[in-house]
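Understanding the architecture of this molecule
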Amino acid sequence: MQPAPGYLPDYFWLYHLTASVTPLAGDCGQLCGKTCCQPDAANSLGIYLFPGEEAVLHLPRPWLEWEIHDPRHYDFPASWQEPVHFVKCTGPCPRELRPLACRFFPLAPHLLRDGQLLLIYETMPLPYRCPLIDQRRRLQKKFISTTALAWQELLRNRLIYDLVWEDSRQREKSGHRPAVLWPGKFSQP
Ligand code: SF4
Ligand code: SF4
């Protein structure tokens, strides 16, 4: 998989593609009280949008606090020079407009050194416990295969590829040996 310079992912297609898939057949928020949608005590929890994703959301939105961050002051690859959009929920979102990062959780992409994409359970430190990760819950086939398809589109963008590449190398350096959910026996739609 190789990114194309200047390629902008088709976010309208991605929102459509991921609109109705969910990690479990039922609402996983019932397991934890929707903990990943709750603000922390310092109201510091938020989501970075992918480059260009803001076009779908038509920011500002009343249910989102919206900040613009300089990537050089945060943990982004050197190729990220343009301001990045950081959003925090002030209440439940309209489901059809939840950002892509919410749609993919608890899956994360990992790139092997030969460029092969894997999907794993998220490994970054979280200020809450996700039972899907903690209990290694079996996720729906359709959720995994759709998330893989979405990542294949996103990784055509150079900046996103750089970000996932750097995260993958850091993950390897830290000694994580994450369980691979895709490709694998659940990879076929
Ligand atoms: S923390 Fe995990 S189980 Fe709970 S709502 Fe979020 S994704 Fe679902
Ligand atoms: S945007 Fe929606 S799905 Fe995402 S964390 Fe906020 S309330 Fe949850």
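Here is a short report on the structure shown in this document. All of these numbers come straight from a predicted model, not from anything done at the bench.

1. Let's talk about the packing of aromatic side chains
Evaluated as defined, the whole model comprises nine aromatic pairs. With centroids separated by 5.5 Å and ring planes inclined at 85°, the aromatic side chains of Phe50 and Trp151 adopt a geometry described as edge-to-face. With Phe50 in the loop between strand E1 (47-48) and helix H3 (54-57) and Trp151 in helix H6 (residues 141-154), this pair connects stretches of sequence that are 101 residues apart. The pair Phe50 / Trp151 is uniform in exposure class, with both members buried.

2. Concerning the sheet that holds strand E2 (residues 64-69)
Here three strands make up an open sheet; going across it, the order is E1-E3-E2 and the pairing antiparallel. Both outer strands of the open sheet, E1 and E2, are each paired with one neighbouring strand and no more. Pairing geometry for E1 and strand E3 (residues 84-89), over two bridges, is antiparallel. Each residue of the ladder has a partner; that of Tyr48, found in E3, is Phe86.

3. Digging into the site of ligand 1
Taken together, the neighbourhood of ligand 1 is formed by Cys28, Gly29, Cys32, Thr35, Cys36, Phe105, Cys130, Pro131 and Leu132. When residues of the shell around ligand 1 are traced back to their parent elements, those giving at least two are helix H2 (29-32) and helix H5 (131-134). For the shell around ligand 1, the residue count by class is seven nonpolar, two polar and no charged.

4. A word on helix H7 (residues 158-173)
The terminal C-alpha atoms of H7, which comprises 16 residues, lie 22 Å apart, in line with the 22 Å expected from a rise of 1.5 Å per residue. Buried residues of H7: Ile160, Tyr161, Asp162, Leu163, Val164, Ser168, Arg169 and Arg171, and no others. Lining the buried residues of H7 we find helix H1 (11-17), strand E4 (107-111), strand E5 (117-121) and H6. In this structure Asn157 caps H7, since a side-chain oxygen of it lies 2.9 Å from the backbone nitrogen of Leu159. One or two residues past the end of H7 sits Gly175, with phi positive at roughly 85°.

5. Topic: the site of ligand 2
Every residue close to ligand 2 is listed here: Cys36, Cys37, Ile47, Cys89, Cys93, Pro99 and Cys102. Its residues placed into classes, the shell around ligand 2 shows seven nonpolar, no polar and no charged.

6. Some points on the nonpolar core
In terms of nonpolar packing, the biggest core is built from 40 residues, with Leu139, Trp151 and Leu154 touching the most fellow members. A total of six residues in this core trace back to one element, the largest contributor, which is H6.

7. Overview of the pairing of E5
In terms of burial, E5 is largely enclosed, as five of its five residues are buried. Two strands pair when backbone bridges link them, and E4 and E5 are joined in this way by five bridges, in the antiparallel orientation. If you follow Leu107 over to E5, its bridge partner there is Tyr121. Between E4 and E5, which pair antiparallel in sequence order, lie five residues; one of them, Gly115, sits at a positive phi of approximately 90°. Bridge analysis of E5 against strand E6 (residues 180-182) gives two bridges, and the strand direction is antiparallel. Considered in E6, the bridge of Ile120 is made with Val180.

What counts, and where the lines are drawn
Residues numbered from 1 in each chain as written. Chains lettered and ligands numbered in written order. Predicted model: local features only at pLDDT ≥ 70, side-chain atom pairs only at ≥ 80, totals over all residues. Heavy atoms only, no water. Phe/Tyr/Trp six-rings, centres within 6.5 Å; stacked < 30°, edge-to-face > 60°. Helix = DSSP H or I, 4+ residues; strand = E, 2+ residues; numbered from the N terminus. Buried < 20%, exposed > 50% of the residue type's maximum accessible area, 1.4 Å probe, protein only. Pairing = 2+ DSSP bridges. Near = heavy atom within 4 Å. Nonpolar A, V, L, I, M, F, W, Y, C, P; charged D, E, K, R; others polar. Expected span 1.5 Å × (residues − 1). Contact = heavy atoms within 4.5 Å. Polar contact = N/O pair within 3.5 Å; in protein donor to acceptor, adjacent residues only side chain to side chain. Core = buried A, V, L, I, M, F, W, Y, C linked by side-chain atoms within 4.5 Å.

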